[in-house]
Amino acid sequence: MRVFLRRARRNQRSVLGSTCYRSANYRPLRPWQVRERRFRPTRLGRRGLDPREVREFLDRVAGDLAAVYDALAESRRETDRIKNVLRRWWSEQARGRNERGYDR
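The model shown is predicted, which means the values in this text are computed figures rather than measured ones. (Residues numbered from 1 in each chain as written. Predicted model: local features only at pLDDT ≥ 70, side-chain atom pairs only at ≥ 80, totals over all residues. Heavy atoms only, no water.)

> Please provide a residue-by-residue account of the layout of surface pockets, values included.
The calculated volume of the largest pocket comes to roughly 180 Å³. Every residue lining the largest pocket is listed: Arg 37, Arg 38, Phe 39, Arg 40, Pro 41, Thr 42, Gly 48, Leu 49, Pro 51, Val 54 and Arg 55. Grouping the amino acids of the lining of the largest pocket by side-chain chemistry returns 5 nonpolar, 2 polar and 4 charged. (1 Å grid on protein atoms, 1.4 Å probe; cavity = no way out; pocket = protein on both sides within 12 Å on 5 of 7 lines; lining within 4 Å. Points joined across faces, edges and corners; volume = space filled by probe spheres on them. Nonpolar A, V, L, I, M, F, W, Y, C, P; charged D, E, K, R; others polar.)

> How would you explain the pattern of salt bridges if you had to name every residue and give the values?
Considering all chains together, one arrives at 3 salt bridges under this definition. Note that Glu 56 is salt-bridged to Arg 52, the shortest N-O span being 2.8 Å. Placement of both Glu 56 and Arg 52 in helix 3 (residues 51-100) is noted, with a separation of 4 residues, approximately one turn of the helix. Exposure remark for Glu 56: the relative accessible area of 45% places this residue in the partly exposed category. With a relative accessible area of 45%, Arg 52 lands in the partly exposed category. When the shortest N-O distance is used, the salt bridge between Arg 77 and Glu 74 registers 2.8 Å. Note that Arg 77 and Glu 74 are positioned in helix 3 at a spacing of 3 residues, about one turn of the helix. Look at Glu 74 and you get partly exposed, because its relative accessible area is 43%. (Salt bridge = Lys/Arg side-chain N within 4 Å of Asp/Glu carboxyl O. Helix = DSSP H or I, 4+ residues; strand = E, 2+ residues; numbered from the N terminus. Buried < 20%, exposed > 50% of the residue type's maximum accessible area, 1.4 Å probe, protein only.)

This is the structure in structure tokens:
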């Protein structure tokens, strides 16, 4: 039991700690990659997964990924919009200070 707990703690640290880095080659999954993923059929007489169920699941995962990517894109657009509004506001404030002759 102690060995199990030590391994669990070690794994927890490596996943959650600052030592967990992604490779420069890491690319997040895209919905089309999930939809196009196919599994090899099992040999005759052996147990395996139902290909129809696997495809249904992958389609569901792809749909969820698509929704997440859409929400992320919307969030980035909103962030850009807010940044642009702030830049304009700061420019107007600086212009007003210069016209009034105020210096920092």
